[in-house]
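Spelled out, the chains give:
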Amino acid sequence: MVTFDIKDLSVQFGHIRALKKVSLAIHANEILSIIGPSNSGKTTFLRMLNRLNELHVKYRMEGAIRIGEDGLFRVDVELLRKRVGMVFALPLPLPFSVFDNVAYGVRMHGEKKKKSLDERVQKALQEAYLWEEVKDRLGESAFKLSGGQQQRLCIARTLAVEPEVILFDEPCSGLDPISTAKVEDAMLKLKSRYTIVLVTNNVKQAARVGDRTAFFLGGELIELDATEKMFTAPGDQRTDDYIRGKFG
Amino acid sequence: MRNPYRTQAVAFFFLLLATLLIVVPVGLVVVIIVQKGLPAVNWTFLSDIPRQGMRAGGIFPAIIGTFYLVSGAILFALPIGLLAAVYLTEYAKDNLLTRIIKLAIVNLAGVPSVVYGLFGLALFVVFFKFGASILSGSLTLGIMILPIIITTSREALESVPASFREVSLSLGVSKWQTIRHIVLPNAIPGILTGTILGLGRAAGETAPILFTVAAFYLPQLPGSVFDQVMALPYHLYVISTQVPNVDEKIRYGTAFVLLALVLFMNLIAIVIRSKFRKKKKW
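Definitions and cut-offs
- Residues numbered from 1 in each chain as written.
- Chains lettered and ligands numbered in written order.
- Predicted model: local features only at pLDDT ≥ 70, side-chain atom pairs only at ≥ 80, totals over all residues.
- Helix = DSSP H or I, 4+ residues; strand = E, 2+ residues; numbered from the N terminus.
- Rg over C-alpha atoms; globule rule 2.2 N^0.38 Å.
- Contact = placed C-beta atoms within 7 Å.
- Buried ≥ 20, exposed ≤ 12 C-beta atoms within 10 Å, placed from the backbone.
- Nonpolar A, V, L, I, M, F, W, Y, C, P; charged D, E, K, R; others polar.
- Axes fitted to C-alpha atoms, helices over the stretch in contact; angles between N-to-C directions.
- Parallel < 35°, antiparallel > 145°, perpendicular 65-115°, else oblique.
- Left-handed = near helix turned anticlockwise from the far one by under 90°.
- Pairing = 2+ DSSP bridges.
- Core = buried A, V, L, I, M, F, W, Y, C linked by C-beta atoms within 7 Å.
- pLDDT = per-residue confidence, 0-100.

**Structural notes on the overall build of chain A**
Piece 1. Along its length, chain A carries 10 helices and 10 strands.
Piece 2. Relative to the compact-globule value of 18 Å for 248 residues, chain A shows a C-alpha radius of gyration of 18 Å, a close match.
Piece 3. Taken over the C-alpha atoms alone, chain A extends approximately 55 × 40 × 30 Å along its principal axes.
Piece 4. Considering only contacts in chain A between residues 6 or more positions apart, those separated by 24 or more positions represent 70%.

Pasting the structure below:
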């Protein structure tokens, strides 16, 4: 199971400095929650781990990231993204049926046999706790599902390509409390087999699901500690203020 | 005192007036051409060669000629234009050179068609020694509609949400697979709109084919792409201005057939487009 080791990571978009000398390690099979106000660099950090920032034209970075034993930029980018999956802030189904959404990545990676596709799709939907709700609707457009179902569909789509790490970028920001609870359930159960990095605007969500929690502010890592300690005895005044809702 | 409801009524009136000013002339053109042209159209008119110095008989060679020329132009311009559009939207870096190229392409769409005619004469007819032929004419028309196809294809490709691309890439799917399986299928309706526009333009223009392919009078059908053909727009020009005493019915009949041919070819593209639009799920 992979781990990330990040040293002195700085990222710039044009003149805007999104991350400033961030160093931290991500352990195997943990849920690392990242909290912080808007524009604190959380999402930029997350998108560094699967190199999605590179789609931005004016992106520049400094520092070193290792995935397992390898430098992040030594790994083939498509292979890296297969190993490091991502679930986005809004549910983003592709314009296909429910089945084809989950099967898409698997197909693109060369699986053609109907039987093993069926199996992989069912397994992924079960892992995302969506199978029971959609098993009779696999041929329908993914856009006909509810928001919470769509987001779990996106999780299933990510799981189907069998990643080792899953990056969640505020996955519940558009969901109601019940859908949020279902997505959180799915995350907790995925922990045994995946390493999870969860960026969230919801401090309580970090407290509920995170093993460790990192607090970002203005592109800097302020504090990183076990979730319990962060929420009971934070080491930095700014962390304390943010958790208590005094700013942000 | 100002009355917002009256202001709205006045604005509404002018908006309606502007729309009518567009619709009425277009409608009149169609009505007049149908009214005056339809009586001339019968099986002989469609299937016979022109006779008695083009004052009788049919226009079959011109119909076939225009069909070949338009098909050739699309066959040449659609693949090249589409590939260029994919390169410009998906691969080219956003720098000064790319921006100049994009601007040049947009401006090329505004170049008068007679300039393309001269260009085709110099390049295809003379330099490549294709002579006045279907090949030269098709390529000239193809180059004329390339900017239309590239510009509309680019817009279609750019209108595919960036999030689809991000999702696809985030699954470890390669860029080319993303373009092939996500971007292109969702851009097809827009690309076909560009094709329809290009097709209409290629069928209707006289100047580009004047020096490169069109024959004044050539009753036999072409045997190869290196033969000359008659074409509807040029034939219409000839019987309207160059040949005296042509019955008005025949002239309007030719115009009617040209309109109908363009409409028919557009219809094919529209049917394909609506099939793809039905599949669109966002």
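Right, picking up where we left off after that structure.
**Remarks on the overall build of chain B**
Piece 1. Scanning chain B from terminus to terminus reveals 11 helices and two strands.
Piece 2. Starting at the N terminus, the α and β elements of chain B follow one another as α-α-β-β-α-α-α-α-α-α-α-α-α.
Piece 3. Counting only C-alpha atoms and orienting by the principal axes, one finds that chain B spans roughly 70 × 65 × 35 Å.
Piece 4. Within chain B, the fraction of its 282 residues that count as buried is 40%.

**Some points on the interface of chain B and chain A**
How big an interface is tends to be stated in terms of the accessible area lost upon association of its parts.
Piece 1. Taken together, the contact pairs 18 residues of chain B with 20 residues of chain A.
Piece 2. At the level of secondary structure, the elements contributing two or more residues to the side of chain B that touches chain A comprise helix H7 (162-170) and helix H8 (175-204) of chain B.
Piece 3. With six residues, H7(B) is the single largest residue contributor to the side of chain B that touches chain A.
Piece 4. Each residue belonging to the side of chain B that touches chain A can be placed in one class, and the counts come to seven nonpolar, seven polar and four charged.

**A short note on the packing of H7(B) against H8(B)**
Residue and element names in this part refer to chain B.
Piece 1. H8 packs onto H7 with a crossing angle of 140° between their chain directions and a minimal axis gap of 10 Å. Taken together, the axis directions place H7 and H8 in an arrangement best described as oblique. In terms of crossing hand, the pair formed by H7 and H8 is right-handed. Where H7 approaches H8, its residues Phe164, Arg165, Ser168 and Leu169 are matched on the opposing element by Thr178, Ile182 and Val183.

**Looking at the sheet that holds strand S9 (residues 212-217) of chain A**
Residues and elements named next belong to chain A.
Piece 1. Strand order in this open sheet of six strands is S6-S7-S8-S3-S9-S10, and the pairing throughout is mixed. Because the sheet does not close on itself, it has two edges, and the strands there are strand S6 (84-87) and strand S10 (220-226). For this sheet, the mean inter-axis angle between neighbouring strands, taken without regard to orientation, is 20°.
Piece 2. Looking at chain direction, strand S3 (residues 31-35) and S9 are connected through four bridges and run parallel. If you follow Ile34 over to S9, its bridge partner there is Ala214.
Piece 3. Where helix H6 (residues 147-160) meets the sheet, its contacts fall on S6 and strand S7 (165-169), and the angle it forms with S6 comes to roughly 170°.

**A short note on helix H3 (residues 98-108) of chain A**
Piece 1. In terms of burial, H3(A) is a largely internal element, eight of the 11 residues being buried.
Piece 2. Those residues of H3(A) hidden inside the fold are in contact with helix H4 (114-127), helix H5 (131-134) and H6 of chain A together with H8 of chain B.

**Section: the packing of H4(A) against H6(A)**
When two helices pack together, their arrangement is given by the angle between the helix axes and the distance between those axes.
Residue and element names in this part refer to chain A.
Piece 1. With their axes 8 Å apart at the nearest point, H4 and H6 run at an angle of 130° to one another. Viewed along their axes, H4 and H6 adopt a mutual orientation that is oblique. Helix-helix and strand crossings are classified by hand; for H4 and H6 the assignment is right-handed. Residues Arg120, Val121, Ala124, Leu125 and Glu127 of H4 touch H6, and the partners they reach there are Ala156, Leu159 and Ala160.
Piece 2. Partitioned by chemical class, the residues of the contact of H4 with H6 number six nonpolar, no polar and two charged.

**Some details on the nonpolar core**
Piece 1. Core analysis: the largest hydrophobic core is formed by 144 residues, its most contacted members being A:Ala156, A:Val197 and A:Leu198.
Piece 2. Top element by residues in this core is helix H6 (residues 134-158) of chain B. It accounts for 13 residues.
Piece 3. Those residues in contact with A:Leu198 that sit more than four places away from it in its chain are A:Ile31, A:Leu32, A:Ser33, A:Ile34, A:Phe168, A:Met187, A:Val209 and A:Gly210.

**Here's the deal with the pairing of strand S2 (residues 16-26) of chain A**
Piece 1. Note that strand S1 (residues 4-13) of chain A and S2(A) share seven bridges and pair antiparallel. Residue pairing for S2(A): A:Leu9 is matched across the bridge by A:Val22.

**A look at the sheet that holds strand S4 (residues 59-67) of chain A**
Piece 1. Pairing in this open sheet of four strands is antiparallel, and the strands run S2-S1-S4-S5 (chain A) from one edge to the other. The strands lining the two open edges of the sheet, one partner per strand, are S2 and strand S5 (70-71) of chain A.

**Some remarks on the environment of B:Leu88**
Residue and element names in this part refer to chain B.
Piece 1. Summarising the element assignment, Leu88 is placed in helix H3 (residues 60-91).
Piece 2. By C-beta crowding, Leu88 is classed as partly exposed, having 19 other C-beta atoms within 10 Å.
Piece 3. Residues Leu88 and Lys275, spaced 187 residues apart in sequence, show a C-alpha to C-alpha distance of 27 Å.
Piece 4. When near neighbours in sequence (up to four residues on either side) are disregarded, Leu88 contacts Thr98, Lys102 and Arg154.

**Topic: the pairing of S10(A)**
Residue and element names in this part refer to chain A.
Piece 1. Two strands pair when backbone bridges link them, and S9 and S10 are joined in this way by six bridges, in the antiparallel orientation. Each bridged residue has a counterpart across the sheet, and for Phe216 the counterpart in S10 is Leu221.
Piece 2. Taken together, S9 and the strand that follows it, S10, pair antiparallel across an intervening segment of two residues, in which Gly218 is found at a positive phi of about 55°.

**Quick notes on the environment of B:Gly137**
Residue and element names in this part refer to chain B.
Piece 1. You can see Gly137 is positioned in helix H6.
Piece 2. Using a count of 33 C-beta atoms within 10 Å as the deciding quantity, one classes Gly137 as buried.
Piece 3. Separated by 92 residues in sequence, Gly137 and Val229 have C-alpha atoms that sit 9.5 Å apart.
Piece 4. Ignoring anything within four residues of it in the chain, the contact list for Gly137 reads Leu69, Ile209, Thr212 and Val213.

**Observations concerning unusual backbone geometry**
Residue and element names in this part refer to chain A.
Piece 1. For Lys21, which is not a glycine, the phi torsion comes out positive at approximately 50°.
Piece 2. Looking at where Lys21 falls in the secondary structure, it is placed in strand S2.
Piece 3. You will see that Glu170, though not glycine, has its phi angle at about 45°, which is positive.
Piece 4. Along the polypeptide, Glu170 turns up in the loop between S7 and helix H7 (177-190).

**Re the confidence of the model for chain B**
Piece 1. The predicted model of chain B has a mean per-residue pLDDT of 90, with 98% of residues at 70 or higher.
Piece 2. Predicted complex metrics record ipTM = 0.90 and pTM = 0.83.

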